[in-house]
Amino acid sequence: MPATLSLDQARRIALAAQGLDKGRPAGPVTSRTVGRTFARIQLVQIDSVNVVSRSHFLPFFSRLGHYDRTILQRMSAVHPRRMVEYWAHEASYIRPEHYADLLLWQKRTWVGASRMDPGLRADITGRILDTLARSRPLTAAELTARIGHVEETQTANWGWNWNAVKRVLEHLFEDGTVCAASRTEQFERRYTLAAKVLPQLTVGEAGADARAGAMHRLIDAAAQAHGIGTVRCFADYFRTPVKAAADAVAHLVQQGRLEPVTVPGWDRAVFRHADATLPRRATGRALLSPFDSLVFERRRLEELFGFHYRIEIYTPENKRRYGYYVLPFLLRDRIVARVDLKADRKAGKLLVRSSFAEPGAPPDTAVELAAELRLMAGWLGLPEVEVFPVGDLAGGLARAVRTEADYPL
């Protein structure tokens, strides 16, 4: 019979797997500390929204507190790289060992190169590869100028008006011919040949056995990052097909890497990873990015934490319920509140544009959240936290923030 775990135990397993079950390191956060955290969570999602901070910076703050963001820049842009960019859970930084496996499974054809004139595509491809073989990493705009490509600017489909060079580059990025060597301050990719970024990379034939082996490794990594979850949870982590993920789960159960368990209230087949730990209690505290790996799979979030969450960035303002850039607040083993945040860099303020408590939030929610907001403001280099009078937690939070301000950092 499968082992039975309580929902509280399942939550603590999940938090421990994500490095969110206990307080942050007491000493300085080193590149080794950041590297260990990345090895634990396997990937961080990239997003261009910079309302608080770039999304890939926030998961490390949630787990480690104040750290130097240039550590991530070195990990992703300096050889030997400890993180590389590729499609996983959307655009992501992944561990280099997952790159070849993802190449066998991630196929995104929406970039438009396949619909180009074959002769034009072949010509641009040849000139791009020849240029990148002889040059430093270049952005799409720099490559367009370097190869002398000219075309009429498109105005339809705002946000996706890529020229032919960009469309070919994204196709080459997808098939593993080119990589992102780094990103500019404006968050543009600097492209170069994949062999320059990952000189040790070897990609075998995409046969059935190779694809199955790749899926086994990806699902094993996803299950480690979850600690406990369902087939759909594990498949969603790297955005792999559910049927192939289910086959990999069955294989990993046979290998002893996954154990079927039952969790009351979780009405799907649930599996615990062999390396998952069950802490006696959870003592952590964290504001979570909307793109944090703990909140990737919304159904899992509701089943584990009873927390209904939707990103409202793309919702019209008059239809938003909680705000634009809303971060869940984790306290111990519950998600107890959510806040809509904005970094007002010009005014030197972290703005809390709304704040809402979850049903049953503990009495110390406002005090703990105020401390977390002040910690985040300090990390962002913002001297002040300002709480707007929006939401049922706003009054108590504003008082707690004023009290926190009486104590120097």
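Preceding this section is the structure that the text describes.
Description of the structure in this document.

Turning to the nonpolar core, a few remarks are in order. Soluble, globular proteins show a tendency: their nonpolar side chains are buried together. Counting 109 residues, the largest nonpolar core has Ile128, Leu341, Met376 and Leu397 as its most contacted members. Each residue touching Leu397, except ones within four places of it in the same chain, is listed here: Val339, Val352, Ser355, Ala366, Leu369, Ala370, Leu373 and Val387. If you look at the next biggest cluster of nonpolar residues, it comprises 27 residues, including Leu20, Ala286, Tyr322 and Phe356.

Another point: the pairing of strand E8 (residues 258-262). For strand E1 (residues 3-4) and E8, the ladder comprises two bridges, and the chain directions are parallel. Following the sheet pairing, Thr4 is matched in E8 by Thr262.

Attention now goes to the pattern of salt bridges. Counting across every chain of the model gives 28 salt bridges. When the shortest N-O distance is used, the salt bridge between Arg24 and Glu372 registers 2.5 Å. With Arg24 in the loop between helix H1 (7-17) and helix H2 (31-41) and Glu372 in helix H14 (residues 365-380), this pair connects stretches of sequence that are 348 residues apart. For the salt bridge of Lys166 with Glu170, the shortest nitrogen-to-oxygen distance reads 3.1 Å. Residue Lys166 and its partner Glu170 are located together in helix H8 (residues 164-174), separated by four residues, close to a single helical turn. Here Lys166 matches Glu170 in class, with each residue buried.

Following the criterion strictly, the structure yields 10 aromatic pairs and no others. Judged by centre distance (5.0 Å) and plane angle (80°), the ring pair of Tyr322 and Phe356 falls under edge-to-face. You can see Tyr322 sitting in the loop between helix H13 (298-305) and strand E11 (326-331) and its partner Phe356 sitting in strand E13 (residues 349-357), a full 34 residues away along the chain. Each member of the pair, Tyr322 as well as Phe356, carries the same accessibility label: buried. A network of ring pairs unites the aromatic residues Phe38, Phe60, Phe61, Tyr67 and Trp379 as a single cluster. The lysine or arginine in question, Arg183, covers the ring of Phe187, its NZ or CZ lying 4.3 Å from the ring centre.

Cut-offs used in this document
- Residues numbered from 1 in each chain as written.
- Predicted model: local features only at pLDDT ≥ 70, side-chain atom pairs only at ≥ 80, totals over all residues.
- Heavy atoms only, no water.
- Core = buried A, V, L, I, M, F, W, Y, C linked by side-chain atoms within 4.5 Å.
- Buried < 20%, exposed > 50% of the residue type's maximum accessible area, 1.4 Å probe, protein only.
- Contact = heavy atoms within 4.5 Å.
- Pairing = 2+ DSSP bridges.
- Helix = DSSP H or I, 4+ residues; strand = E, 2+ residues; numbered from the N terminus.
- Salt bridge = Lys/Arg side-chain N within 4 Å of Asp/Glu carboxyl O.
- Phe/Tyr/Trp six-rings, centres within 6.5 Å; stacked < 30°, edge-to-face > 60°.
- Lys NZ or Arg CZ within 6 Å of the ring centre and 35° of its normal.

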